[in-house]
Amino acid sequence: MRLAFRILVVVLIAIAVFLVAGLMAIWAPDRPVERLMPRWAAPPSQFLQVGVMKVHLRDEGPRDDPVPIVLLHGTSASLHTWEGWATALRGQRRVIRFDLAGFGLTGPHNLNNYSIESYVAFVTAVLDKLGVQRFVLAGNSLGGQIALELAYALPQRVDKLVLVDSAGYEFTPESIPMGFRIARVPGLRGLVEVVLPRGVVQDSVRNVYGDPTKVTPELVDRYYELTLRAGNRRALANRFQQMLVSNGAHIKSLKLPTLILWGGKDRLIPPDSGRAFARDIVGSRLVIFDDLGHVPQEEDAGRTVAEFRRFLGLTGPDT
């Protein structure tokens, strides 16, 4: 009897140790922005005070560019997704990119407002603070939806528009990244604010790439660590609660040069949305990269920025 009891105690202790070890392996509380800055906000990063928010921003290239290029990232991404484009453009053009509210090092919106209207106001406030009146606007995914809504709201300021695997129409995903699925479940939201297996982030990034083998440990590090920025996980859950998809009613009214870039292997927002934009925006041009996924500007910066440079009429060296 005593032997059986001792065996039971040993088994229970082993199970407890196993559970604690497992929890410690995935325990991931929020990290203060100051802890993340040395790795993810090295020069030329700066923090721009916009109202009560400090916006993580990179502003590169010639100061005398009369129509700078503004690049907007998508959900759970950051300004780093445009690094390849910025490198290829900053020798000739002024390139501005920043972390949207709720993402990257900028962190949560001060009013917890993640509507498209709020994002349009946020982007406008950043550009006003920089003194940028007219600009070329490019956006990926959520950033694309913000871009087209801003082009509609402020047509006198947006010179050209680029939509990269953009949201904006209702769509049926073929596959949703695991991280997005978890963030949509109310009962799990509190848990994922303190627990986040790195594998969830890795699987989510691989899910949006056309070729998952291109997803490096360093790339996963970036997405994982910036997700841990204090408040970002709660902001993501709130954004999904507040998210409304446009019915596309005013997309047909856009009257500006528009380039549409799409990954043919995008399973989150399939290429049919790109074809719809091309159909509804008069004079637009659609380019589909058959082997790329939802973030083609990141997965293959060289090929995608080459199309963008042609759209802008840029010649000569791309650095």
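Residues numbered from 1 in each chain as written. Predicted model: local features only at pLDDT ≥ 70, side-chain atom pairs only at ≥ 80, totals over all residues. Heavy atoms only, no water.

Here we come to the pairing of strand S8 (residues 285-289). The pairing of strand S7 (residues 258-263) with S8 spans five bridges and is parallel. Along S8, the bridge assignment pairs tryptophan 262 with isoleucine 288. The parallel pair S7 and S8, bridged by helix H11 (residues 272-280), forms a crossover whose chirality is right-handed. (Pairing = 2+ DSSP bridges. Helix = DSSP H or I, 4+ residues; strand = E, 2+ residues; numbered from the N terminus. Right-handed = clockwise from strand over helix to strand, strands pointing away.)

Moving on to H11. Buried within H11 are the following residues: Ser273, Gly274, Ala276, Phe277 and Asp280. Buried residues of H11, seen end-on, are gathered within an arc of 160° and therefore sit on one face of the element. Among the exposed residues of H11, those oriented more than 90 degrees off its buried face are Asp272 and Arg279. Here the buried face of H11 lies against helix H5 (142-153), strand S6 (158-164), S7 and S8. (Buried < 20%, exposed > 50% of the residue type's maximum accessible area, 1.4 Å probe, protein only. Arc of directions from axis to C-beta. Contact = heavy atoms within 4.5 Å.)

With that settled, the discussion passes to the nonpolar core. Membership of the largest hydrophobic core comes to 49 residues, with the highest contact counts inside it found for Leu72, Phe98, Leu100, Phe122, Val123, Ile146 and Phe277. Take this core: its biggest share by element is seven residues, from helix H4 (residues 116-130). Beyond its immediate sequence surroundings of up to four residues, phenylalanine 122 is in contact with Met53, Val55, Phe98, Asp99, Leu100, Ala101 and Thr106. One finds Val67, Leu89, Leu261 and Leu292 within the second-largest nonpolar core, a separate group that totals 23 residues. (Core = buried A, V, L, I, M, F, W, Y, C linked by side-chain atoms within 4.5 Å.)

Turning our eyes to something else, we now look at the packing of aromatic side chains. Tallied over the full model, the rule gives six aromatic pairs. When the centroid spacing of 4.6 Å and the interplanar angle of 50° are considered together, the rings of tyrosine 169 and phenylalanine 277 count as tilted. Here tyrosine 169, found in the loop between S6 and helix H6 (178-183), pairs with phenylalanine 277, found in helix H11; they are 108 residues apart in sequence, far enough to count as distant. This pair shows no difference in class: tyrosine 169 is buried, exactly as phenylalanine 277 is. A cation sits over an aromatic face here: arginine 239 above phenylalanine 240, 5.4 Å from the ring centre. (Phe/Tyr/Trp six-rings, centres within 6.5 Å; stacked < 30°, edge-to-face > 60°. Lys NZ or Arg CZ within 6 Å of the ring centre and 35° of its normal.)

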